[in-house]
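Residue-level structure breakdown
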Amino acid sequence: MGTPAFPNLGKHCFVDDCRQIDFLPFTCDCCHQVFCLDHRSYNRHHCPKANKNDVTVVVCPLCAKGVRLIPDEDPNITWESHVNTECDPSNYEKATKKRKCPVPGCREILTFSNTIKCRECTIDHCLKHRFGPDHKCPGRKKPESAFQFMNFRTGNRKDEPKKPSATSSSSWATNLFKAAEAGMSKLSSEFSQTLQMGKEGSSATNRNGSGSGQVEQCPQCSLKFSSVAALISHVQKIHEKNGVMNLTVDVCPRCSKGFRDPVSLVEHVEREHRGTSKA
């Protein structure tokens, strides 16, 4: 076998009746034997494992799916395994039902070669009704917002009335004056309630006989009165104007701190600022 230069060149055919030497032999992929050109097929050399690479598929009548039969396994076992695990009868109608053009009156079956998807409505149609006017295309759908609450917030903002903005210094001054007037009115009402409570307590003390000779002192000017009524009359005449307390505040020229008593202001300047001031 071979030549003196290549002694291992070529092999004999495995068939007993042939045994021909072939320099380009064929190896069977099933029985892994060497054959010549004439006996290379499964049928010519009667391959015992010819069905090893055979693919046999059976269509299931329940779900219309293909079931591949295993060569070394009983077909009944393969079939029972498919029915118990993969078989889905609801898929039979989807697999066997042929799609048709959705245009009323058109019976064209949609296949791979005659199916056109409309760009506007994204629905498949046949070649005859591929244009929008032919299938009465409704047009593109409006995209829905991914965040529904954004529209709600936007709507609420539109419904809110616009607040007027202060554009001049006069409006700012007016607001400041109103706020100061409201604060003074509140202070006057609180002071009146305190005086009323003191009057009621004084009258109760006089009724009990234990409050005779009591002296009342004004919290503003430190004057003393023999009765609460005289103190109230003094406050209304001297320290109130139109129902609002008339308070005099002395301001420190260095730190802008307010004092009701000038004496307290002088003591503050001497203690904190060493008796010096800008004014």
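Residues numbered from 1 in each chain as written. Predicted model: local features only at pLDDT ≥ 70, side-chain atom pairs only at ≥ 80, totals over all residues. Heavy atoms only, no water.

1. Observations regarding the overall build of the protein chain
In terms of helices and strands, the protein chain carries 7 helices and 14 strands. Evaluated residue by residue, the protein chain yields a buried proportion of 19% over its 279 residues. Counting contacts in the protein chain only where the partners sit at least 6 residues apart, residues at least 24 apart contribute 21% of the total. Carbon and sulfur atoms make up 53% of the accessible area of the protein chain, which totals about 22,300 Å². (Helix = DSSP H or I, 4+ residues; strand = E, 2+ residues; numbered from the N terminus. Buried < 20%, exposed > 50% of the residue type's maximum accessible area, 1.4 Å probe, protein only. Contact = heavy atoms within 4.5 Å. Areas by Shrake-Rupley, 256 points an atom, 1.4 Å probe, with all protein chains shown as cover.)

2. Some words on the pattern of salt bridges
One pass over the full model with this rule turns up 2 salt bridges. Residues R99 and D124 are paired through a salt bridge, measuring 2.9 Å at the closest nitrogen-oxygen approach. With R99 in the loop between α2 (91–96) and β7 (116–117) and D124 in strand β8 (residues 124–125), the pair connects residues that are 25 residues apart, well separated along the chain. Across the salt bridge formed by R271 and E272, the nearest N and O atoms sit 3.6 Å from each other. We classify R271 as exposed; its relative accessible area is 56%. The exposure class assigned to E272 is partly exposed, which follows from its relative accessible area of 47%. (Salt bridge = Lys/Arg side-chain N within 4 Å of Asp/Glu carboxyl O.)

3. Re the environment of V15
Structurally, V15 is set in the loop between β1 (11–12) and β2 (21–22). Residue classification places V15 among the buried positions, given a relative accessible area of 19%. Each C-alpha atom of the pair V15 and F35 lies 7.2 Å from the other, and the pair is 20 residues apart in sequence. Not counting residues up to four positions away in its chain, the partners in contact with V15 are F35, H39 and H45.

4. A closer look at the packing of aromatic side chains
Given two aromatic rings, one states the distance between the centres and the angle between the planes to describe the pair. All told, the structure shown has 1 aromatic pair when counted by the stated rule. Taking 6.1 Å as the distance between ring centres and 80 degrees as the angle between the ring planes, the aromatic pair formed by F14 and F35 counts as edge-to-face. Here F14 is found in the loop between β1 and β2, whereas its partner F35 is found in strand β4 (residues 34–35), with 21 residues between them in sequence. For F14, a relative accessible area of 43% translates into the label partly exposed. Sitting over the ring of F26, R40 keeps its end group 5.7 Å from the ring centre. (Phe/Tyr/Trp six-rings, centres within 6.5 Å; stacked < 30°, edge-to-face > 60°. Lys NZ or Arg CZ within 6 Å of the ring centre and 35° of its normal.)

5. With respect to the side chain of H129
Counting through the fold element by element, H129 comes out in the loop between β8 and α3 (132–135). Note on H129: relative accessible area 12%, which makes it buried. Beyond its immediate chain neighbours, meaning those up to four positions away, H129 contacts C101, V103, C106, D134 and H135.

6. Details of unusual backbone geometry
Of note, the phi angle at H46 is positive, near 50 degrees, even though the residue is not glycine. With respect to the helices and strands, H46 occurs in the loop between β4 and β5 (56–59). Relative accessible area serves as the criterion here: at 68%, H46 is assigned to the exposed category.

7. Examining the nonpolar core
C13, V15, C28, C30, C31, F35, C36, C47 and A50 together form the largest nonpolar core, which totals 9 residues. Sequence-distant contacts of C47, defined by excluding residues within four places in its chain, comprise C28, C30, C31 and Y42. If you look at the next biggest cluster of nonpolar residues, it comprises 8 residues, including F191, F225, V228 and L231. (Core = buried A, V, L, I, M, F, W, Y, C linked by side-chain atoms within 4.5 Å.)

8. A word on the confidence of the model for the protein chain
Within the protein chain, residue pLDDT values average 76, and 73% of them lie at 70 or more. In this model residues 208–212 is a low-confidence stretch, pLDDT under 50, and it forms 4 contacts with partners more than four residues away in sequence or in other chains. (pLDDT = per-residue confidence, 0-100.)

9. Side note on the side chain of T115
With respect to the helices and strands, T115 occurs in the loop between α2 and β7. If sequence neighbours within four positions are ignored, T115 has contacts with R99, L110, D124 and H125.

10. As for helix α7 (residues 262–272)
Of the positions making up α7, those classed as buried are L265, H268 and V269. Seen end-on, α7 carries its buried residues on one side only, within an arc spanning 95 degrees. More than 90 degrees from the buried face of α7, the exposed residues found are E270 and R271. One or two steps after α7, the chain reaches R274, where phi turns positive at roughly 60 degrees. (Arc of directions from axis to C-beta.)

11. Let's talk about the pairing of strand β6 (residues 66–69)
Pairing geometry for β5 and β6, over 4 bridges, is antiparallel. Within β6, the position partnered with V57 by the bridge is R68. Hairpin remark: β5 followed by β6, antiparallel, with 6 residues in the connecting loop; positive phi at A64, about 65 degrees. (Pairing = 2+ DSSP bridges.)

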